[in-house]
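# Analysis of the macromolecular model
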Amino acid sequence: MKNLALHWKIIIGMTLGVVFGLLAITIGWDQFTSDWIKPFGTIFINLLKLIAVPLVFASLIKGVASLSDISKLSRIGSKTIALYLTSTVIAVTIGLLIVNTIQPGKYFSEEKRIEFKEKFATKTEAKMEAAAQVNDQGPLQFMVDIVPQNFLNAATDNSNMLQVIFFAILFGMAMIMLPDEKTVYVKGFFDGVNDVILQIVDMIMTMAPYGVFALLASLMVDFSDGDIRNVLELFSALGLYSLAVIIGLLTMIFVVYPIILRLFTKMNYFDFFKGILPAQMLAFSTSSSAATLPVTMERCEDHLGVSEEISSFVLPLGATINMDGTSLYQAVAAVFIAQAFGIDLDLTQQLTIVLTATLASIGAAAVPGAGLVMLVIVLGAVGMDPEGVALIFAVDRILDMLRTVVNVTGDATVATVIASSEGQLRPVSEKDLMS
Ligand code: ASP
């Protein structure tokens, strides 16, 4: 076990977690799993979240302060945003093409529609309330939200990552403007803090195989409600819809990102995949790009050769605003729900979906289930009853795990492309890929 590459250890942890979960359901160990296994998964996620704000803050200050001039920052920033938007629009378009071809909603029976609507009515209401809060805000609220009133407040909540990013960039820019002798100690301090935090990430990652075991075992138990037949039944009802989402997500991972890397970098996709795999598996197990962020950063820097200057800026931003998997899923889900209600969406409405799903994925928080809240807004934009989300609730948790993998892979792809375009992509060695 000792010499095994990390991704193998995580794969073994995940597999054993699923096997244990199935066993627990079968022999009635649900309570035992919730009481004695689940807490280890929660501790693991907490550790990852704990490190996210200090990591982003220290590494971003280090990254920005090491830029030779500020114009470089705006160049990297514009390229990053342009690529993030492009990849999201591609994702939504692929989602729309697939869902219009497979038409999963046409095969969704009237009885199931009524049954699911009733069964998930309360859960749907909670999501609608959350969405209403977002919807009530003015058009420039997102800009106001980026600028914190108080840095310590911003740093106490991981969902305020954009505020932390904002302050770190401001801090780093001020350091560039000052003469070197004034900032030498501050620089040394943040360089040191950054190294310490990366060391902590390494330490947390040694726990990853056990963490994912606990997460997956408890997830299986929660998901099945004590009976494995529940899982199978839900999947058979929503099989075609899930298939459409999964085909779309696989297309992103195995077609779109390889093409992007091929066009803009010299990175071999197989190497990219090997390097980012542990982060993908954590994304799958935690369903949260924010919780995965420290690992995504570590993998990009140490195993894909992306410079710290680029990764510390591009990845935290990506975890917050770039969600290709989420936007693709929202497009498929919106059209699926329309089809199930017998509504034909015309071209204008489908284009509205491209626009709103792109914006909704930018606005979605990088935590489990956030995509579903924003789906309510997408449905509203094309004039559909937001209660339609009840139809897809049942399989959302699993699809969330898969779309989070795509969200994280998209961020890493863009970081690699930007690094390559700036001449800041170190060639990967065999050793990088083996650990
Ligand atoms: N769980 C996703 C993420 O963290 C967001 C979502 O689609 O719900 O990236």
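Residues numbered from 1 in each chain as written. Predicted model: local features only at pLDDT ≥ 70, side-chain atom pairs only at ≥ 80, totals over all residues. Heavy atoms only, no water.

In terms of helices and strands, the protein carries 20 helices and zero strands. If one aligns the C-alpha atoms of the protein with their principal axes, the spans along those axes are about 75 × 50 × 40 Å. Burial analysis of the protein (435 residues in total) assigns 52% to the buried set. When contacts within the protein are restricted to residue pairs at least 6 apart in sequence, long-range pairs at least 24 apart make up 85% of them. Split by element, the accessible area of the protein, about 19200 Å² in all, is 66% carbon and sulfur. Each charge sign in the protein was given a centre, from 26 positive and 38 negative side chains, and these centres are 6 Å apart. (Helix = DSSP H or I, 4+ residues; strand = E, 2+ residues; numbered from the N terminus. Buried < 20%, exposed > 50% of the residue type's maximum accessible area, 1.4 Å probe, protein only. Contact = heavy atoms within 4.5 Å. Areas by Shrake-Rupley, 256 points an atom, 1.4 Å probe, with all protein chains shown as cover. Lys, Arg positive; Asp, Glu negative; His and termini not counted. Charge placed at Lys NZ, Arg CZ, Asp CG, Glu CD.)

One pass over the structure, following the stated rule, counts two cavities of 30 Å³ or more. If you add up the space inside the largest cavity, you get close to 60 Å³. In terms of lining residues, the largest cavity is bounded by 15 residues, among which Met323, Thr326, Ala365, Val367 and Asn407 are the most central. Going through the elements one at a time, helix 18 (370-381) and helix 19 (396-421) are the ones with two or more residues in the lining of the largest cavity. Broken down by element, the residue count for the lining of the largest cavity peaks at four residues, all from helix 19. In terms of residue class, the lining of the largest cavity is built from six nonpolar, seven polar and two charged. In this structure, the second largest cavity occupies an estimated 40 Å³ of space. Together, Gly63, Val64, Leu67, Leu73, Ile76, Glu309 and Phe313 line the second largest cavity. Secondary structure elements with two or more residues in the lining of the second largest cavity: helix 2 (30-65), helix 3 (70-102) and helix 15 (308-321). Its residues assigned to classes, the lining of the second largest cavity shows five nonpolar, one polar and one charged. (1 Å grid on protein atoms, 1.4 Å probe; cavity = no way out; pocket = protein on both sides within 12 Å on 5 of 7 lines; lining within 4 Å. Points joined across faces, edges and corners; volume = space filled by probe spheres on them. Nonpolar A, V, L, I, M, F, W, Y, C, P; charged D, E, K, R; others polar.)

Take helix 1 (residues 6-27) next. Here helix 1 is 22 residues long and its end C-alpha atoms lie 31 Å apart, about the 32 Å a rise of 1.5 Å per residue gives. For helix 1, every residue scored as buried is listed here: Leu6, His7, Ile10, Gly13, Met14, Gly17, Phe20, Gly21, Ala24 and Ile25. In an axial view of helix 1, the angular spread of the buried residues amounts to 150 degrees, which keeps them on one side of the axis. Backbone geometry just downstream of helix 1 places Gly28 in the positive-phi region, at approximately 75 degrees. (Expected span 1.5 Å × (residues − 1). Arc of directions from axis to C-beta.)

Further remarks concern the confidence of the model for the protein. Confidence in the prediction for the protein averages 88 pLDDT; 95% of positions are at 70 or higher. Averaged pLDDT values over the elements of the protein bottom out at 67 in helix 11 (residues 228-237) and peak at 96 in helix 12 (residues 239-264). (pLDDT = per-residue confidence, 0-100.)

With that settled, consider helix 3. Over its 33 residues, helix 3 runs 48 Å from end to end, which matches the ideal 48 Å to within 8%, given 1.5 Å per residue. A positive backbone phi angle near 50 degrees is found at Gln103, which sits one or two residues after helix 3.

The next thing to look at is the site of the ligand. Surrounding the ligand, one finds 15 residues, the nearest of these being Ser289, Thr326, Gly371, Asp400 and Arg403. Contact distances for the ligand include 2.9 Å between a nitrogen atom and a backbone N or O atom of Ser287. The separation between an oxygen atom of the ligand and a polar side-chain atom of Asn407 is 2.8 Å. Against a free-state accessible area of 270 Å², the protein chains account for coverage of 100% of the ligand. The site holding the ligand turns out to be the largest cavity. Mapped onto the shell around the ligand, the elements with two or more residues apiece are helix 18 and helix 19. When residues in the shell around the ligand are grouped by element, the largest group, four residues, is from helix 19. In the shell around the ligand, the residues fall into five nonpolar, eight polar and two charged. (Near = heavy atom within 4 Å. Polar contact = N/O pair within 3.5 Å; in protein donor to acceptor, adjacent residues only side chain to side chain. Sits in = over half its atoms within 2 Å of the grid points.)

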